[in-house]
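Here are the chains, one letter per residue:
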Amino acid sequence: MRNKKWLVLLLSLVMLVSTACGNKTVTEDPAPADMPTDIGQEPAAPQKVDGGIFIFAIGSDPNVMNPLYAGDRVTMTINNALFAPLYVIDEEGTHFFLAESITPSEDYLTYTLKLKSGLKWHDGEDLTADDVIFTLNSTTDEKQKANARGSFVIAGKPVEAKKIDDLTVEFILPEVSVPFMGSLGGIRPIPQHIFEGEEDLAKSTKNLEPIGSGPFKFKEMKSGEKVELVRFDEYFDGKPNLESVVFRVIADPNAANTALLNGELSARYITTADVDKFNADENFNVVLYKEGMLNNMVFRLTNKELQNKDVRKAIAYGINKDEIIAGVYKSSEYAEKAYSVFVPSTQFHTSDVEKYEYNVEKAKELLKNAGVENLKLRLAYINSSKENEGFGLIMQQQLKTIGIELELLPMERGAFYDKLLDASNTDFDLAFNGYVMGVEPNGYKPLFRTGDFNNFMGYANEELDAAWEDGVVETDEAKRGEIYQTIQKQLMEDMVVYPIAYPNSIVAVNKKYGGIEEAKPVPIFMFRDLSKLYIME
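Keep in mind that what you see is a predicted model, and the values were worked out from it rather than measured.

1. Structural notes on the sheet that holds strand E7 (residues 110–115)
Moving on, step 1. Ordered in space as E6-E7-E11-E10, the 4 strands form an open sheet in which the pairing is antiparallel. If you trace the sheet from one side to the other, it starts and ends with strand E6 (99–104) and strand E10 (160–165), each paired once. Between one strand and the next, the sheet's axes are offset by a mean angle of 20°, whatever the strand orientation.
Moving on, step 2. Note that E10 and strand E11 (residues 168–172) share 5 bridges and pair antiparallel. Note on E11: the bridge partner recorded for glutamate 160 is isoleucine 172.
Moving on, step 3. Here helix H2 (residues 129–140) sits on the sheet and contacts E7, E10 and E11; the angle it forms with E10, its principal contact strand, is near 175°.

Below, the structure written as structure tokens:
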């Protein structure tokens, strides 16, 4: 999914943290000479050591190792290690990375960003205000088609950036934009001295050996095998504990699980079916946290029958969410039924929308009134996702009840995204997708705005287009809330995206690794700051 925001999301961690006992002194008579002298002592507590490797499993090669274009989980996870953000805003406040401060003017039309001193790129060059300005200008350049362009073009005009000195940038807005400060923090600068003069940044060969500012720097990539990074000693927050991080390509989830159990991987996302197994294994900690994700099904409006809103609604009424939650997630502990296209952690989320509770008779009536019968549809999803496979098998049986034949089309990850992101592609009619858009509701706009290249449903609603723009400039919080609640209700009325579930992330981590809490488990990336992880021996 070419998802555009790298805002940080609200989290709720439930961690199993291993503890260890220290040495215990034994006050007994000396042991005989032929007896072990440490009898009565417990093993020493594991100690933090310098170096070591952390190995992730990824389902495919990354797409473009450039933060202007990363939209899928694999690429965004790798880029998170390679490119540091300016700052991150979450429920705990503002966490500064490359930036030292961000200060708005009284009228909120000017923002002054101060960088930390001594910042370096992985090749040793200084990271300065020029790089930040170059990154913003590249993002707003329509020809470059950067994912986040819509966040920095306000009322049809791009945000301007002015250099004050080597560490200070002034951003000038054409008009007030409430989401701007959060959007700015999500910028991960790219180096001007590397990319200046490149006509097409997305296709630049410089992306094959990226130069970033994050805790780890690029070493090598072997297509279909791995991406290997090594620690960056001049990382602004100190030399990382680990010597290297490896992203190993294992497309098959069963093979990935076996590799994790055999110690060939350090951590991976697991499914609810695996939780009990890893909880019972003394070699692992299981971490559960809110993903801030919506798992959903999109309708492709290139299909003539699906252009009829009543047909889309009939499909929604023909799906039983309770069966899906029980069948795929086991219980609501691991996923919550979704009713809005916004996730609960997004500001102004509401469940006061048409919920499309399971109703076979209503579904049949809608199809009959639409003059549609014996409808055959093709449903696409990533073939390595057990979750999506479960959705498909359950929905296939459910929709058969209302007279719809569903053909399941599992696809290789890369092929799936290529076809999904092309709104004109007609190889399938429905697709399972998942997105994490952040706490700012404006982040959802590119998915539903008419003509946006991120709108892969082909949806058009000019009234909602105007409402999205109203939400950007409205400073009254109550009025802004009304705007976004109206948007959610209208999107559910139009039913171009069927919300399935808000899942929790479940990660199994080998117990030899510490620093899990400091690294902070977060949506998409698994860990916000890999520099904090370490090995215990």
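2. Quick notes on the packing of aromatic side chains
Moving on, step 1. On inspection of all chains with the given rule, the structure shows 24 aromatic pairs.
Moving on, step 2. Each residue in the set Phe342, Phe348, Tyr435, Tyr444, Phe448, Trp468 and Tyr484 is aromatic and connected to the rest through ring pairs, giving one cluster.
Moving on, step 3. The ring of tyrosine 269 has arginine 73 sitting right over it, with the charged end atom 4.8 Å from the ring centre.
Moving on, step 4. If you follow lysine 355 out to its NZ or CZ, it ends over the ring of tyrosine 339, 5.6 Å from the centre.

3. Looking at the sheet that holds strand E26 (residues 534–536)
Moving on, step 1. If you trace the 3 strands from one edge of the open sheet to the other, you get E2-E26-E23, paired in antiparallel fashion. The open sheet is flanked by strand E2 (48–49) and strand E23 (513–514), the only strands paired with a single partner.
Moving on, step 2. With 2 bridges joining them, E2 and E26 adopt antiparallel strand pairing. Its bridge partner lying in E26, valine 49 is registered against isoleucine 535.

4. Comments concerning the nonpolar core
Within soluble globular proteins, side chains that are nonpolar generally end up buried alongside one another.
Moving on, step 1. The biggest cluster of nonpolar side chains holds 90 residues, and the ones touching the most others in it are Met297, Ile315 and Phe448.
Moving on, step 2. Top element by residues in this core is strand E22 (residues 497–510). It accounts for 7 residues.
Moving on, step 3. Membership of the second largest hydrophobic core comes to 39 residues, among which are Leu68, Ala146, Tyr513 and Ile516.

5. Description of the pattern of salt bridges
Moving on, step 1. Counted according to the given criterion, the structure contains 27 salt bridges.
Moving on, step 2. Notably, a salt bridge pairs aspartate 130 with lysine 163, separated by 3.2 Å at the nearest N-O pair. A residue pair is termed long-range when its members are at least 10 positions apart, and aspartate 130 in helix H2 and lysine 163 in strand E10 qualify at 33 residues.
Moving on, step 3. Between lysine 330 and aspartate 276 there is a salt bridge, with its nearest N and O atoms 3.7 Å apart. Residue lysine 330 is located in the loop between helix H8 (321–329) and strand E18 (335–337), and its partner aspartate 276 is located in helix H6 (residues 272–279); the two are separated by 54 residues in the primary sequence.
Moving on, step 4. Overlapping salt bridges bring together Lys219, Glu220, Lys226 and Glu228 as one network.

6. Quick notes on helix H1 (residues 73–82)
Moving on, step 1. With 9 of its 10 residues buried, H1 lies for the most part within the structure.
Moving on, step 2. Buried within H1 we find Val74, Thr75, Met76, Thr77, Ile78, Asn79, Asn80, Ala81 and Leu82.
Moving on, step 3. Of the surrounding elements, those touching the buried residues of H1 are strand E3 (53–58), strand E12 (216–222), strand E13 (226–231), strand E14 (244–249) and strand E25 (526–527).

Rules used in this analysis
Residues numbered from 1 in each chain as written. Predicted model: local features only at pLDDT ≥ 70, side-chain atom pairs only at ≥ 80, totals over all residues. Heavy atoms only, no water. Pairing = 2+ DSSP bridges. Helix = DSSP H or I, 4+ residues; strand = E, 2+ residues; numbered from the N terminus. Axes fitted to C-alpha atoms, helices over the stretch in contact; angles between N-to-C directions. Contact = heavy atoms within 4.5 Å. Phe/Tyr/Trp six-rings, centres within 6.5 Å; stacked < 30°, edge-to-face > 60°. Lys NZ or Arg CZ within 6 Å of the ring centre and 35° of its normal. Core = buried A, V, L, I, M, F, W, Y, C linked by side-chain atoms within 4.5 Å. Buried < 20%, exposed > 50% of the residue type's maximum accessible area, 1.4 Å probe, protein only. Salt bridge = Lys/Arg side-chain N within 4 Å of Asp/Glu carboxyl O.

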